[in-house]
Amino acid sequence: MKDKAGKTQGQAKQKMREGQEQAKQHGHQQTQEPGRQTTQERGRQTTQQRGQQATQERGQQMRERGRQNMDDTEQEMQDRFNQDYDA
């Protein structure tokens, strides 16, 4: 009985190792328990979320600067037009 249990356990461990190797080759990272994230995975998600938020904020700032530049340009054109026709 002990031999059979030990053999079965050895086979199960071997299959787990093979599965882990296969997952590594495919770029997947396995966790110890299904449905649970490792600390590294949670940190990676947080970093990605921060990066996306920073990108969105930069885009918003650039759009605001573009609007400001357009407003300035329109005002400059209006001033020149007024100067030309006032003279």
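Our subject is the structure listed above.
Residues numbered from 1 in each chain as written. Predicted model: local features only at pLDDT ≥ 70, side-chain atom pairs only at ≥ 80, totals over all residues. Heavy atoms only, no water.

**Quick look at the overall build of the protein**
Link 1 in the chain: Scanning the protein from terminus to terminus reveals 2 helices and 0 strands.
Link 2 in the chain: Counting the 87 residues in the protein, one finds 3% classified as buried.
Link 3 in the chain: For the protein, the accessible area works out to roughly 8600 Å², and carbon and sulfur atoms hold 47% of it. (Helix = DSSP H or I, 4+ residues; strand = E, 2+ residues; numbered from the N terminus. Buried < 20%, exposed > 50% of the residue type's maximum accessible area, 1.4 Å probe, protein only. Areas by Shrake-Rupley, 256 points an atom, 1.4 Å probe, with all protein chains shown as cover.)

**Overview of a negative patch on the surface**
Link 1 in the chain: Taken together, the side chains of Asp-71, Asp-72, Glu-74, Glu-76 and Asp-79 define an acidic patch exposed on the protein surface.
Link 2 in the chain: Take Asp-79: it is sitting in helix H2 (residues 39-86).
Link 3 in the chain: Asp-79 sits in the partly exposed class, given a relative accessible area of 37%. (Patch = residues over 30% accessible without salt bridge, like charges linked within 9 Å, V, L, I, M, F, W, Y side chains within 5 Å. Salt bridge = Lys/Arg side-chain N within 4 Å of Asp/Glu carboxyl O. Lys, Arg positive; Asp, Glu negative; His and termini not counted. Charge placed at Lys NZ, Arg CZ, Asp CG, Glu CD.)

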